[in-house]
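# Secondary and tertiary structure notes
Okay, here's what each chain looks like letter by letter:
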Amino acid sequence: MSTVKCDSRLVQPGDTFVAISGAATDGLRFVGAALQAGATEIVSEAPRPTEGVPENVIWRTVADTRAEIAELACREFGDPSKSLAVFGVTGTNGKTTTATLLRKILNDAHIPAGLVSTISNITAPPRRRTLIDRFIGRPATERNETVATNTTPGPLELQSLFAEMLRNGCQSAVMEVSSHAIDQRRIAGTHFAGVAFTNLTQDHLDYHLTMENYYQAKRKLFMPPQSPAAINLDCPYGRRLVDEIKAS
């Protein structure tokens, strides 16, 4: 159980509450509830109020609460992506198919892999097929699979999933990386062994407003270059991305 929370309803005595500044709501509104639940540290982009916060409560003012909670999440779970070969797949279409196929390749190559995807999160390699399974053609069955609520979970859940994968014997992980997750720093602090770009077509403009903003969000997964990248050159944005990587 993490001692870092961004949901005041989950706060336990002694926890750190990070007041995320979001587009829909501001975590500052829930500081009071977090204090009542026993939080002993508040992390916020706002300065400490002159009243209403007990003297024994630590108040840390940071420049970016999203970046801070990602860093805290990595630290909380022992920086698990340092011990996993994590492969990130981004793009408008094809993320789920690409991620699922890559995980199967890794498992078939005896590099046990977990999965973080739009459909489900799997924190253990499939059960080994028995001789009977092979004889009747029954495929391997999954273990530790849960239905996903987001394409890419928040940083606390993501790092928790990576840590669980390690405990279950995984050596690698494949994850879908959404533009929202990149923009909201959910993957900050995650170490990638490789990244992939499938394509970019018109979508999510209710959030990004323009295609250029959408592209720039995806671009952050590849720039500055820190790991090998597989990029679809049949997409104009893919060709642009390769040119910008080469020029960097």
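To be clear, the structure that these remarks concern was listed above.
What you are looking at is a predicted structure, and each value in this text was computed from that prediction instead of being measured.

The next thing to look at is the overall build of the chain. For the chain, the helix and strand inventory stands at nine helices and eleven strands. Counting all 248 residues of the chain, 44% fall into the buried class. For the chain, long-range pairs separated by at least 24 residues make up 62% of all intrachain contacts whose partners lie at least 6 apart in sequence. Summed over its atoms, the accessible surface of the chain is roughly 13000 Å², and 54% of this surface lies on carbon and sulfur atoms. Across the chain, the 26 positively charged side chains and the 26 negatively charged ones have centroids separated by 7 Å.

The biggest cluster of nonpolar side chains holds 27 residues, and the ones touching the most others in it are Phe162, Met175, Ile187, Phe192, Leu221 and Phe222. Looking at this core, the elements with two or more residues in it are α5 (155-167), β9 (172-176), β10 (194-197), α8 (211-219) and α9 (236-247). In this structure, Val31, Ala34, Leu35 and Ile42 belong to the second largest nonpolar core, which totals eleven residues.

Taken in spatial order, the four strands of this open sheet run β1-β2-β3-β4, and their pairing is parallel. Two strands close off the open sheet at either side, each with one partner strand: β1 (4-5) and β4 (58-61). Pairing geometry for β1 and strand β2 (residues 16-18), over two bridges, is parallel. Considered in β2, the bridge of valine 4 is made with threonine 16.

Given two aromatic rings, their pairing is described by the distance between the two centres and the angle made by the two planes. Applying the stated criterion across every chain yields a total of two aromatic pairs. A ring pair is formed by phenylalanine 197 and phenylalanine 222, whose centres lie 6.2 Å apart and whose planes are at 75°; its orientation type is edge-to-face. Of the two residues, phenylalanine 197 is situated in strand β10 and phenylalanine 222 in the loop between α8 and β11 (229-231); the sequence distance between them amounts to 25 residues. Note on phenylalanine 197: relative accessible area 3%, which makes it buried. Judged by relative accessible area, phenylalanine 222 falls into the buried class, the value being 3%. Arranged with centres 5.4 Å apart and planes meeting at 35°, the rings of tyrosine 215 and tyrosine 237 form a pair that is tilted. Within this pair, whereas tyrosine 215 is found in helix α8, its partner tyrosine 237 is found in helix α9, the two being separated by 22 residues in sequence. Classification of tyrosine 215 as buried rests on a relative accessible area of 0%.

Here we come to the pairing of strand β3 (residues 41-44). Every regular strand shows the same layout, with side chains that alternate between the two sheet faces. Across the two faces of β3 the burial is the same, with Glu41 and Val43 and Ile42 and Ser44 all buried. Where β2 and β3 come together, three bridges link them in parallel fashion. Counterpart to phenylalanine 17 in the pairing with β3 is isoleucine 42. Here β3 runs beside β4; their pairing, made up of four bridges, is parallel. Directly across from isoleucine 42, in β4, lies its bridge partner tryptophan 59.

Turning our attention to the packing of helix α2 (residues 65-76) against α5. Between α2 and α5, whose axes approach to 8 Å, the crossing angle comes to 20°. Put simply, α2 runs roughly parallel to α5. Relative to α5, the crossing made by α2 is right-handed. Residues Ile69, Ala70, Ala73 and Cys74 of α2 lie in contact with α5, whose contacting residues are Pro155, Leu156 and Gln159. Tallied by class, the residues present in the contact of α2 with α5 amount to six nonpolar, one polar and no charged.

Quick look at the side chain of threonine 16 now. One can find threonine 16 in strand β2. By relative accessible area, threonine 16 is classed as buried at 12%. A distance of 2.7 Å separates a polar atom in the side chain of threonine 16 from a polar atom in the side chain of glutamate 41. Setting aside residues no more than four positions away along its own chain, threonine 16 makes contact with Thr3, Val4, Lys5, Glu41 and Val43.

About the thresholds
- Residues numbered from 1 in each chain as written.
- Predicted model: local features only at pLDDT ≥ 70, side-chain atom pairs only at ≥ 80, totals over all residues.
- Heavy atoms only, no water.
- Helix = DSSP H or I, 4+ residues; strand = E, 2+ residues; numbered from the N terminus.
- Buried < 20%, exposed > 50% of the residue type's maximum accessible area, 1.4 Å probe, protein only.
- Contact = heavy atoms within 4.5 Å.
- Areas by Shrake-Rupley, 256 points an atom, 1.4 Å probe, with all protein chains shown as cover.
- Lys, Arg positive; Asp, Glu negative; His and termini not counted.
- Charge placed at Lys NZ, Arg CZ, Asp CG, Glu CD.
- Core = buried A, V, L, I, M, F, W, Y, C linked by side-chain atoms within 4.5 Å.
- Pairing = 2+ DSSP bridges.
- Phe/Tyr/Trp six-rings, centres within 6.5 Å; stacked < 30°, edge-to-face > 60°.
- Axes fitted to C-alpha atoms, helices over the stretch in contact; angles between N-to-C directions.
- Parallel < 35°, antiparallel > 145°, perpendicular 65-115°, else oblique.
- Left-handed = near helix turned anticlockwise from the far one by under 90°.
- Nonpolar A, V, L, I, M, F, W, Y, C, P; charged D, E, K, R; others polar.
- Polar contact = N/O pair within 3.5 Å; in protein donor to acceptor, adjacent residues only side chain to side chain.

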